[in-house]
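Observations on chain architecture
Chain residues, written in single-letter form:
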Amino acid sequence: MKEELIVSGRMNDLVDPNLHIWHWPIPLYLFLGGMAAGILCLAALYYMQGKEDKYRTAVRITPFLAPLLLVLGLLALFIDLRHKLYFWQLYTNIKFQSPMSWGAWTLMVITPVSFIWCALNIKELFPKWDWKFRWLKFLDEFFTKYKKALAWVMLIFGIILGIYTGILLSAFNARPLWNTSILGPLFLASGISAGAAATLILSKNSEERTHFARIDLVFLGVELFLIIHMFMGFLASTQVQIDAARMFLGGEFTTSFWIFVVFMGMIIPALLEIMELRKYHIPAVIPALLVIFGSLMLRFIIVHAGQASRWLY
Amino acid sequence: MAVNTRKCVGCSDCVVACQTENSVPIGFCRDWIVEVNNGTYPQITTEIRSERCNHCDNAPCVRCCPTGASHIIAGGIVLVKKTECIGCGACIASCPYDARYPHPSGYVDKCTFCEHRIKNGMLPACVEVCPTKCLYFGDLDDPNSDASVVLKKNRYKTLIPEAGTVPQLYFIY
């Protein structure tokens with residue numbers, strides 16, 4: 001029997017909540033950033049394939065959500081900083097080994113790009129829109145000319161943003177639950193499925209809805225596969241990672257994870273979408289909202305549980 | 001730094017000295033005492049450790065810092081520049097020893113080995129006050145420093161070396 005006693009004011013999350021350093025803003029941001037990444041990737045991809053009329057909502061309408069999500073996400077990040085007035089230090093340094101530095105610079109690129117993309121499509125929402133100033137019209141023409149390059153930037157930085165939300169966590173070997181490279185692709189897949197779900201809600205075209213229901217289905221499958229893989233990896237790893245996996249396999253996060261993330265966020269919407277593809281009538285908004293909810297819960301539970309997992313000594 | 005767990009009685013003098021010397025805000029600490037009891041009665045052993053930042057050679061807190069506020073100075077001490085720290089908390093999440101805390105002023109704070117004292121030829125506050133003289137401080141590259149000398153003569157370990165951080169706090173047991 002080994003008993004560890006903390007005599008003086010040692011701070012860990014068991015004794016003192018201070019070391020549970022990341023609260024709601026971080027998982028909220030990871031969700032918003034991931035979903036924006038998914039939306040922008042899908043928009044860029046279908047634009048480059050020349051399907052902007054076939055999937056008009058995904059290319060032209062849903063991206064209007066992206067700047068909103070990114071700005072809210074940045075706000076959440078800012079709220080999380082404790083030394084707020086020094087935030088500009090992020091942009092006077094480039095640290096290649098720090099995922100957070102990568103993320104800050106990625107956001108610096110993709111946020112303006114998402115605004116430009118919306119500006120180019122603004123006539124979709126306001127057909128009588130007029131830029132009024134000559135230089136704005138000039139910019140509009142300039143970016144319209146290079147729209148394909150813009151789409152490439154959007155796709156590449158969208159993928160980096162989606163993966164980075166996971167890599168941010170997996171770079172910490174001090175928290176065994178996070179210390180798996182699967183979190184990168186998992187969060188990317190979850191972001192893309194949430195992005196596809198957003199189009200599913202907004203689209204009025206049944207052909208487009210069917211297509212995005214299929215995309216959602218594929219990425220839900222990928223996510224489930226990655227989650228199973230993640231736990232297989234943990235269980236075959238060291239004691240600390242086995243302990244981390246056990247938090248989800250009988251431990252304190254079992255119920256919330258399997259019910260909210262896997263069952264409600266993946267299995268039920270997948271079944272509903274399969275039924276819809278088989279021509280049962282199901283309002284598309286139900287599986288879509290469930291997917292978005294599952295994607296949000298995934299971030300909250302992983303961020304929360306990660307900080308409860310630790311090395312033993 | 002070396003800590004002799006066979007001499008340490010866990011009086012927490014080092015903790016109080018540090019809090020006084022460095023004006024550590026109430027409720028926080030840069031060093032702390034851990035008591036580990038192993039076995040069941042009557043076969044039982046106790047180890048008392050005075051713990052603090054391990055000033056790792058491969059410090060994850062320095063690696064993950066997005067602004068470079070966390071850095072390693074010549075001699076190997078890991079420090080935080082207050083005016084570069086944005087308080088994002090990445091270093092706190094990255095430390096397997098949980099050695100850092102968010103200072104109420106916003107920046108992240110941690111053990112500095114009392115860098116302001118040692119550069120004036122003094123010992124860190126915790127080492128200075130230790131009543132059982134179980135803390136040994138010195139440059140490990142210098143074979144004649146207090147820490148090097150005591151480590152040469154004793155059996156020692158580091159904490160969770162398998163975390164891969166190459167910790168520089170040595171525990172004699």
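Before reading on, note that the structure itself is shown above.
Residues numbered from 1 in each chain as written. Chains lettered and ligands numbered in written order. Predicted model: local features only at pLDDT ≥ 70, side-chain atom pairs only at ≥ 80, totals over all residues. Heavy atoms only, no water.

Residue and element names in this part refer to chain A. Close contact between helix α9 (residues 206-235) and helix α10 (residues 239-246) brings their axes to 7 Å; oriented N to C, the two are set at 140 degrees. The orientation of α9 with respect to α10, classified from their angle, is oblique. Touching Phe 231, Phe 234 and Leu 235 of α9 are Gln 241, Ile 242 and Ala 245, all from α10. Of the residues assigned to the contact of α9 with α10, the class counts are five nonpolar, one polar and no charged. (Axes fitted to C-alpha atoms, helices over the stretch in contact; angles between N-to-C directions. Helix = DSSP H or I, 4+ residues; strand = E, 2+ residues; numbered from the N terminus. Parallel < 35°, antiparallel > 145°, perpendicular 65-115°, else oblique. Contact = heavy atoms within 4.5 Å. Nonpolar A, V, L, I, M, F, W, Y, C, P; charged D, E, K, R; others polar.)

Attention now goes to the sheet that holds strand β10 (residues 170-172) of chain B. Residues and elements named next belong to chain B. Taken in spatial order, the four strands of this open sheet run β8-β1-β10-β9, and their pairing is mixed. With one partner strand each, in any of the chains shown, β8 (135-136) and β9 (156-157) form the two edges of the open sheet. Note: β9 against β10, two bridges, orientation antiparallel. When the sheet's bridge partners are listed, Tyr 156 is paired in β10 with Ile 172. (Pairing = 2+ DSSP bridges.)

A word on the nonpolar core. A:Trp22, A:Leu169, A:Trp178, A:Leu186, A:Phe212, A:Phe248 and A:Phe257 are the most contacted members of the largest nonpolar core, which has 135 residues in total. The element contributing the most residues to this core is helix α1 (residues 25-48) of chain A, with 17 residues. Counting six residues, the second largest nonpolar core, distinct from the first, contains B:Tyr136, B:Val150, B:Leu151 and B:Tyr170. (Core = buried A, V, L, I, M, F, W, Y, C linked by side-chain atoms within 4.5 Å. Buried < 20%, exposed > 50% of the residue type's maximum accessible area, 1.4 Å probe, protein only.)

Each partner contributes residues to the interface: chain A has 41 residues there, and chain B has 49 residues. Between chain A and chain B, roughly 3,900 Å² of surface is buried when both sides are summed, and carbon and sulfur atoms account for 60% of that area. There are one salt bridge connecting chain A and chain B. The interface formed by chain A and chain B holds 13 residue pairs in polar contact (both at pLDDT 80 or more) in total. At the level of secondary structure, the elements contributing two or more residues to the side of chain A that touches chain B comprise β1 (2-6) and α4 (99-120) of chain A. (Buried area = accessible area lost by both parts, 1.4 Å probe. Salt bridge = Lys/Arg side-chain N within 4 Å of Asp/Glu carboxyl O. Polar contact = N/O pair within 3.5 Å; in protein donor to acceptor, adjacent residues only side chain to side chain.)

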